[in-house]
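In case you want the letters, here they are:
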Amino acid sequence: MKKMLTGLMAAVAVAGMGVCAAEAPAKDAVKTEAAAKEEAKAVWLNNYSEAVKQAKESGKPILVDFTGSDWCGWCIKLDKEVFSKPAFAEYAAAHLILLKVDFPQKTVLPKEVAEQNDIMAKAYDVEGFPTIVLIKADGEELARTGYQAGGAEKYVKHLEKLLKKAEKEAAKPAAKK
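Predicted model only: the values in this text are computed from it and were never measured.

**Student:** Would you take a moment to explain the overall build of the protein chain for this structure?
**Tutor:** The secondary structure content of the protein chain amounts to eight helices and five strands. Seen in sequence order, the protein chain has helices and strands lined up from the N terminus as α-α-α-β-α-β-α-α-β-α-β-β-α. When the 177 residues of the protein chain are sorted by exposure, 34% land in the buried category. Taking the contacts inside the protein chain whose residues are at least 6 apart along the sequence as the reference set, 67% of them involve residues at least 24 apart.

Quick look at the structure:
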């Protein structure tokens, strides 16, 4: 609302100076590619408790990325080809809470984060990187995956398929599970 009011006030001021009001806002509305990429970045948490809190409030599942961000080739490739792309960021903003559980070699994590990450890796039986685990707010695992070739759009479809399958499994009567 504030942006709309600011834009309206600018248009009125431009029109008062004898310039076509329709042209000025159009120039301001054009985003540079860099600005668009910045806006589309996915927001990753590194605190499990915060991720759980947000998942409970939103009803969204948590995508946990167990990664070696500064040494694992496949992790770096997944980040470059998928997680850093606008298509993934847009999907994640609408459908997921993102939690990065990192095991870097060149960066020293705060002690609390490193301890939390070790506990999570053991709890989810992570044996390699990258491991992507989709969980509910209560910690129940819904699905597990890793690197998938094909880019962000294909990865989003892959995640949607995993979540639909988990939803169908959860809907089955307990006796059939």
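Here the narrative resumes, following the displayed structure.
**Student:** Any chance you could explain the packing of aromatic side chains here in plain terms?
**Tutor:** By the definition in use, this model includes eight aromatic pairs. Here the aromatic rings of Trp 74 and Tyr 147 are separated by 5.0 Å at their centres, their planes lie at 50°, and the arrangement is tilted. Placement of the pair is Trp 74 in helix α5 (residues 73-83) and Tyr 147 in the loop between β5 (141-145) and α8 (152-171), with a sequence separation of 73 residues. Given a relative accessible area of 21%, Tyr 147 falls into the partly exposed group. Arranged with centres 6.0 Å apart and planes meeting at 90°, the rings of Phe 83 and Tyr 155 form a pair that is edge-to-face. On the criterion of sequence distance, the pair formed by Phe 83 in helix α5 and Tyr 155 in helix α8 is long-range, its members being 72 residues apart. Residue Phe 83 shares its accessibility class with Tyr 155, and that shared class is buried. Every member of this aromatic cluster is reached through a ring pair, and the members are Trp 44, Phe 83, Phe 88 and Tyr 155. The residue whose ring lies beneath Lys 100 is Trp 44, and the NZ or CZ to ring-centre distance is 4.9 Å.

Quick notes on the rules
Residues numbered from 1 in each chain as written. Predicted model: local features only at pLDDT ≥ 70, side-chain atom pairs only at ≥ 80, totals over all residues. Heavy atoms only, no water. Helix = DSSP H or I, 4+ residues; strand = E, 2+ residues; numbered from the N terminus. Buried < 20%, exposed > 50% of the residue type's maximum accessible area, 1.4 Å probe, protein only. Contact = heavy atoms within 4.5 Å. Phe/Tyr/Trp six-rings, centres within 6.5 Å; stacked < 30°, edge-to-face > 60°. Lys NZ or Arg CZ within 6 Å of the ring centre and 35° of its normal.

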